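# Geometric and topological summary
Next come the chains, spelled out residue by residue.
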Amino acid sequence: MVTLWLAAAHEREVEAAYPPEGQFVMVDGLRVHAVVRGRGPDLVMIHGSNGNTHDMSFALAPALEQQFRVILFDRPGLGYSDAIPGGGSITQQADVLQRAAQKLGADSPIVLGQSYGGAVALAWAVEAPTTLSGLVLVAAPGIPWTTPLDPVYLVTSHPIGSALAVPLLTAFVPDRTVVAAFEDVFAPQAVPETFAQHFGVGLALRRGSMRANAKQRANLLTEITALAPRYTEISVPTGIVHGTADTTVNYDLHAVRLAQRIPQAQLHTLQGIGHMPHHVATADVVAAVEAVAQRSDLR
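A short tour of the structure in this document, coming up. (Residues numbered from 1 in each chain as written. Predicted model: local features only at pLDDT ≥ 70, side-chain atom pairs only at ≥ 80, totals over all residues. Heavy atoms only, no water.)

## Looking at the nonpolar core
Quick reminder of the rule: Buried residues of nine kinds, namely Ala, Val, Leu, Ile, Met, Phe, Trp, Tyr and Cys, make up a nonpolar core once their side-chain atoms join them within 4.5 Å. The buried label applies to any residue whose accessible area, calculated with a 1.4 Å probe on protein chains only, is under 20% of its type's maximum; exposed applies above 50%, and partly exposed to all values in between. A run of DSSP states H or I qualifies as a helix once it reaches four residues; a run of E qualifies as a strand once it reaches two. Both are numbered from the N-terminal end. In what follows, a contact means two residues having at least one pair of non-hydrogen atoms within 4.5 Å.
Within the largest apolar cluster, 48 residues are counted, with the highest numbers of intra-cluster contacts made by F73, W124 and Y231. With nine residues, the single largest contributor to this core is helix α5 (residues 116-127). Among all residues touching W124, those that are not within four sequence positions of it are V44, I46, A94, L97, Q98, A101, P109, V111, P129, T131 and L132.

So, in structure tokens, the structure goes:
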């Protein structure tokens, strides 16, 4: 009981500090949290694992909202968007976000996804090809891999671990532990000084978010394996932005092979950049978006 009380208290504290910043769109009874900024052609941004809209609003959205109407979504189960039962596959998440975008008046946006969000963007492009005008993949996984699932996700995605370990993590893991983990994700670049405060790390430690994220990560390889044979069907202009020093999503395995499989793909190679180019090489990501917009006749 003490653990559950502490977990709930931690959640109340972080939600008070980082309330929803945008609006809610209803899709099949699910609330989808969206932040809309700027004017111009529609650009949807989809964050990665353990993320929320704050990840995209730190550097990238401010750099693009003068040229585009930027729509930032919390993926289902994370941030303030409701979870899809079972966590939600990349195809299910893409469907929910596509319909949410349509309800916001974005019938054919450019879709940008970073890391896990890039896998959701790939599913969107494959399954609903007439509902987007361009695709931008930033440090995105797209090719089946052989490395094992992180032990944390093995535990937290299991029914017993979900019931027992997740509340313990919410109750007793301090936010600074997540902040320290950012160093590995950003490496070899440094974490921007104000990023952790802006991001709201405690949002990722809430029980619902941890459970949804764990299920999504545990199922990702199977879903990518099923989706990958269909990349040749993607017909929209595509930009692939990836750093050669990315140790989270390997450049050679994912970026190079995706560029070979997607017919209209252009690969933007960032020498020496790690997994977070939208924060540490923002201008390069902006250039890739602008190039896709130009090729899509949106500029």
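The discussion continues.
## What about the pattern of salt bridges?
To be explicit about the condition: Counted as salt bridges are all cases of a side-chain nitrogen of Lys or Arg within 4 Å of a carboxyl oxygen of Asp or Glu.
Enumeration over the complete set of coordinates arrives at eight salt bridges. The salt bridge partner of E15 is R206, with a shortest N-O separation of 3.1 Å. Of this pair, E15 sits in helix α1 (residues 2-17) while R206 sits in the loop between α9 (195-199) and α10 (207-227), and the two are 191 residues apart along the sequence. Where R99 meets D95, a salt bridge forms, and the shortest distance between an N and an O atom there is 2.9 Å. With a gap of four residues between them, R99 and D95 both fall in helix α4 (residues 90-103), about one helical turn apart.

## Describing α5
Put simply, the rule reads: One less than the number of residues in a helix, times 1.5 Å, gives the span that helix is expected to have.
Between its first and last C-alpha, α5 extends 17 Å over twelve residues, near the 16 Å set by a 1.5 Å rise per residue. By the criterion of burial, α5 is predominantly enclosed, with eleven of the twelve residues buried. Those residues of α5 lying buried are Y116, G117, G118, A119, V120, A121, L122, A123, W124, A125 and V126. If you follow the buried residues of α5, they end up packed against β3 (42-46), α4, β5 (110-114), β6 (134-138), α10 and α11 (251-261).

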